[in-house]
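Structural description and commentary
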Amino acid sequence: MTTSGTYTFNPSLGELTLYAYNLCGVRNTALLQEHFEAARMATNLMLSRWSNQGVNLWKVDLVTTPLITGQATYTVEPKTVMILDAYITTDDTGADIDRIILPVSRTEYASYPNKAQQGFPTVYWFDRLLSPTVTLWPVPNVDSRPQTLKYYRVTQVEDANLTNAQNVDIPYLWLEAFAYGLASRLAVIWAPDKVQILKPMADESYDIASRQNVEQAQQYISPMISGYFR
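Residues numbered from 1 in each chain as written. Predicted model: local features only at pLDDT ≥ 70, side-chain atom pairs only at ≥ 80, totals over all residues. Heavy atoms only, no water.

Here we come to the packing of aromatic side chains. Inspection of every chain in the model, using the stated rule, returns 8 aromatic pairs. With centroids separated by 5.3 Å and ring planes inclined at 70 degrees, the aromatic side chains of Trp174 and Tyr206 adopt a geometry described as edge-to-face. Taken together, the residues Trp174 in the loop between strand 7 (147-155) and helix 4 (175-190) and Tyr206 in helix 5 (residues 195-212) connect sequence positions 32 residues apart. Given a relative accessible area of 3%, Trp174 falls into the buried group. When the ring centre of Phe120 is taken as origin, the NZ or CZ atom of Arg99, which lies over that ring, is 4.8 Å away. The ring of Tyr109 is capped by Lys115, whose NZ or CZ atom sits 5.6 Å from the centre of that ring. (Phe/Tyr/Trp six-rings, centres within 6.5 Å; stacked < 30°, edge-to-face > 60°. Helix = DSSP H or I, 4+ residues; strand = E, 2+ residues; numbered from the N terminus. Buried < 20%, exposed > 50% of the residue type's maximum accessible area, 1.4 Å probe, protein only. Lys NZ or Arg CZ within 6 Å of the ring centre and 35° of its normal.)

A few words now on the nonpolar core. Counting 30 residues, the largest nonpolar core has Cys24, Leu47, Trp50, Ile170, Phe178 and Leu186 as the members making the most contacts within it. Of all the elements in the fold, those that place two or more residues in this core are helix 1 (13-23), helix 2 (33-53), helix 4 and helix 5. Ranked by residue count, the leading element in this core is helix 4, at 8 residues. Not counting residues up to four positions away in its chain, the partners in contact with Leu47 are Val157, Glu158, Ala160, Val168, Ile170 and Phe178. (Core = buried A, V, L, I, M, F, W, Y, C linked by side-chain atoms within 4.5 Å. Contact = heavy atoms within 4.5 Å.)

This part is about the sheet that holds strand 6 (residues 133-137). Strand order in the open sheet made by the 7 strands is 1-7-3-4-5-6-2, with mixed pairing throughout. At either margin of the open sheet sits one strand with a lone partner, and together these are strand 1 (60-66) and strand 2 (73-75). Ignoring which end each strand starts from, the neighbouring axes of this sheet average 30 degrees apart. The pairing of strand 4 (residues 95-103) with strand 5 (residues 123-127) spans 2 bridges and is parallel. (Pairing = 2+ DSSP bridges. Axes fitted to C-alpha atoms, helices over the stretch in contact; angles between N-to-C directions.)

Further remarks concern the environment of Leu136. Mapped onto the elements of the fold, Leu136 is located in strand 6. In contact with Leu136, not counting residues within four places along its chain, are Leu67, Ala72, Tyr74, Ile88, Ile101, Pro121, Val123, Tyr124 and Leu149.

Attention now goes to the pattern of salt bridges. Here the structure, examined in full by the defined rule, presents 7 salt bridges. For Arg40, the salt bridge is made with Glu37, and the minimal N-O distance between the two is 2.9 Å. Separated by 3 residues within a single helix, Arg40 and Glu37 lie in helix 2, roughly one turn from each other. When its relative accessible area of 41% is taken as the criterion, Glu37 is described as partly exposed. What emerges from the salt-bridge pattern is a single network uniting Asp61, Glu77 and Arg153. (Salt bridge = Lys/Arg side-chain N within 4 Å of Asp/Glu carboxyl O.)

Right, dumping it as structure tokens:
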């Protein structure tokens, strides 16, 4: 059996756009500048929706923030979509010790009577503003041993542009979902008669990709009582 032996298939946004228009029944020779401008807008809006729909594992990274005694609130990069897991690392005579901390809501944080209380942080509040922040409680006290806040976060997908044969910031397994999703959106503008055909194909492709986009680990479910937060 003769195969390519390569794993480099990664079409540019321009190539994916041409394919998406072909799915809509629009030939390459019929494309104008306005077609490509609509494709650029549709692409970035679709990637924005994907960030809302779930955890995109390829956009997860680890952030390390040194803690300061008496400082409860720390800035978070605006491109952060959500914080997944957070823990405090303490430098214990050269050996790092990690302790998980848990998220709380705005309402729960507001209920703490002494927000300036210092100690070892056990919870954090992620305030999802345009310039987001993360607030720890108790407030760190690192005079004796250095501590750092570490958290895994999901970031937004990079902007997609048609210039210089740029690629889309997605992995191989999501290429079909991207192509059919883009075609479905472009069909609304340029080929309304194709929407009923392309929309189910786009939904199916996204569903397949999203079901693969999970961690392969055991999951445990235990009952608990949760409060109501505004």
